[in-house]
Amino acid sequence: MYRIDVDRQHTIIELVLDGLIRPDEMTRFVEELKAATLALAGRDIFIKADMRTFRPSAPQVAEMLRDVQGFGIQNGVKRVAEMVESPLSALQLNRVARESGTDKILRRFADDQSAKRWLIYGDEEALSA
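All of these numbers come straight from a predicted model, not from anything done at the bench. (Residues numbered from 1 in each chain as written. Predicted model: local features only at pLDDT ≥ 70, side-chain atom pairs only at ≥ 80, totals over all residues. Heavy atoms only, no water.)

A few points about the sheet that holds strand β2 (residues 12-17)
Then step 1. Strand order in this open sheet of five strands is β1-β2-β3-β4-β5, and the pairing throughout is mixed. Here the strands that pair on one side only, and so sit at the sheet edges, are β1 (2-7) and β5 (106-108). Here the average twist between neighbouring strands, direction ignored, is 15 degrees.
Then step 2. For β2 and strand β3 (residues 45-50), the ladder comprises five bridges, and the chain directions are parallel. Of the residues in β3, the one forming a bridge with leucine 15 is alanine 49. (Pairing = 2+ DSSP bridges. Helix = DSSP H or I, 4+ residues; strand = E, 2+ residues; numbered from the N terminus. Axes fitted to C-alpha atoms, helices over the stretch in contact; angles between N-to-C directions.)

The structure is reproduced here in C-alpha cells:
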C-alpha cells in the first residue's frame, strides 16, 4: 500500500510506502509521484518519505524507486527526509539513494515533525537553535 499527499504551500510531497510493494503497485506509485512532482515544477520541491513499515522489495521495485528518485532530482527535488525503522530496509534504501544521487540531499529522521521542520527550514533552524 502507498499514499501520496501534496502540501502545495511548502511544496512538500508526503509519501508513505507500507509493507511489501509489488511491481504493479510500484508502477502506479511511480506514475502518481511523477505527476505530483511535475505539478510543483519551477519551485524547490521537498519529499517527506515515511518508509517505517516498508519491507525490502524485489530488485524490480528497488530499480523503479531509484529511477523515480533520479526523476525527482532532475525536476526540482532539493531535500528528502526519510523515516525508516527496519535495518534491512535502511540498507536497501541506502543503496537505492546512492545509485540515484539522492544520498546527497537525504536525511533520516525518527519522527514526522523533525522531518517536516528540516524540509521547510533546512539547516537554518538548526543553526539558530
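Description of empty space enclosed by the protein
Over the atoms, a rolled probe matching the size of one water molecule traces out where space is still vacant.
Then step 1. With the rule as written, the count across this model stands at one cavity of 30 Å³ or more.
Then step 2. Looking at the largest cavity, its volume works out to about 210 Å³.
Then step 3. If you trace the largest cavity, you find 18 residues lining it, with Leu15, Leu33, Ile47, Gln69 and Val80 closest to the centre.
Then step 4. Among the elements of the structure, α1 (23-39), β3, α2 (59-74) and β4 (77-83) are those that each provide at least two residues to the lining of the largest cavity.
Then step 5. Element by element, the count of residues in the lining of the largest cavity is highest for α2, at six residues.
Then step 6. Of the residues belonging to the lining of the largest cavity, the class tally is 13 nonpolar, four polar and one charged. (1 Å grid on protein atoms, 1.4 Å probe; cavity = no way out; pocket = protein on both sides within 12 Å on 5 of 7 lines; lining within 4 Å. Points joined across faces, edges and corners; volume = space filled by probe spheres on them. Nonpolar A, V, L, I, M, F, W, Y, C, P; charged D, E, K, R; others polar.)

Honestly, it's all geometry; don't read function into it.
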